[in-house]
Amino acid sequence: KLVERLKNSPHEIGCHGFDHRIALDPKTKKALVNENEWKEEVKRSKALLEAAFQKPVIGYRAPGAYFGRWMIEGLEGLGFKYDSSIASNSFYNKTDVTLNSIPTNPYRLNSDDLSANNPNSEIVELPWSYLKMFNIRFPVGGAFFYRLLGNTYFKFALNNCLKDGDTMFYLHPYDLTSEKIPMNNFQARPFFWINQGKSTERRFEKLLQTFKDSFTTCEDVYQRAIKE
């Protein structure tokens, strides 16, 4: 029933991998999977989604947002048009490079350093939002930081990002549920579930009202980006 509702809605379906397997070691940032194995897993996921929703799937986000340079060639070969995995901020880096020259609005990827300089791939990056203050890049992507920091900060930060063009905000379903979902990789993060459930749901409804004329699909953002 959910698939049928989504098929008849304005929502876009993107690919997040088949089994949410993290492809980079969080500490060393070296590949945890063989490149061909990773490509086959993403290919399988893309094919299943396209069969279920009967439309092309052109967007990808890496599980856990761990994104390596070596993924770009595979995404191009599988027919993806954009990625939205890169989170540039001063608190963590989930890529296999030092992130420099990462804007908050869409750009075509340089496959050597993931920056917006001298793009040499066909993949457009829809990077996660960040707010730069006091030479510090504060996360504005959403999810945990949204539940932690709330609407006052996010309204200010998102409006700041939107001055430069389209920007990215995201949530997980578990951000809006009061149930504790068993996830082994979150056992060492005791504050991860802060403000989970109804409080965030009510807060998010207010955020949707504030930006009701601004939210759109990633595909629309991608189409605008390539025209520009």
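Because the structure is a prediction, the values reported are computed rather than measured.

Engineer: Looking at this structure, how should I read a nonpolar patch on the surface?
Structural biologist: Together, Phe-91, Phe-134 and Ile-136 line one region of the surface with nonpolar side chains, adding up to about 360 Å² of accessible area. Within the secondary structure, Ile-136 sits in strand 6 (residues 136-139).

Engineer: Explanation requested: the environment of Ala-31 in the structure shown.
Structural biologist: Structurally, Ala-31 can be placed in the loop between helix 1 (2-7) and helix 2 (35-53). On the accessibility criterion, Ala-31 (45% relative accessible area) is partly exposed. Measuring from C-alpha to C-alpha, the distance between Ala-31 and Asp-96 comes to 8.9 Å, with 65 residues separating the pair along the chain. Residues within four places of Ala-31 in sequence aside, it is in contact with Ala-23, Leu-24 and Trp-70.

Engineer: Honestly, the pattern of salt bridges in this entry has me stumped. Any pointers?
Structural biologist: Once the charged atoms of two side chains with opposite charge are near each other, the side chains can pair. Under the definition given, this model contains eight salt bridges. Measuring nitrogen to oxygen at the nearest pair gives 2.7 Å for the salt bridge that ties Glu-50 to Lys-46. With Glu-50 and Lys-46 both in helix 2 and four residues apart, this pair spans about one turn of that helix.

Engineer: Looking at this structure, how should I read the side chain of Asp-83?
Structural biologist: Structurally, Asp-83 is set in strand 2 (residues 82-83). Despite its burial, Asp-83 remains without a salt bridge, the nearest opposite charge being carried by Arg-61 at 6.9 Å. Within the structure, Asp-83 has its side chain in polar contact with the side chain of Ser-85 (distance 2.7 Å). In contact with Asp-83, other than residues within four places in its own chain, are Tyr-60, Arg-61, Ala-62, Phe-67, Leu-75, Ile-123, Val-124, Glu-125 and Leu-126.

About the thresholds
Residues numbered from 1 in each chain as written. Predicted model: local features only at pLDDT ≥ 70, side-chain atom pairs only at ≥ 80, totals over all residues. Heavy atoms only, no water. Patch = residues over 30% accessible without salt bridge, like charges linked within 9 Å, V, L, I, M, F, W, Y side chains within 5 Å. Areas by Shrake-Rupley, 256 points an atom, 1.4 Å probe, with all protein chains shown as cover. Salt bridge = Lys/Arg side-chain N within 4 Å of Asp/Glu carboxyl O. Helix = DSSP H or I, 4+ residues; strand = E, 2+ residues; numbered from the N terminus. Buried < 20%, exposed > 50% of the residue type's maximum accessible area, 1.4 Å probe, protein only. Contact = heavy atoms within 4.5 Å. Lys, Arg positive; Asp, Glu negative; His and termini not counted. Polar contact = N/O pair within 3.5 Å; in protein donor to acceptor, adjacent residues only side chain to side chain.

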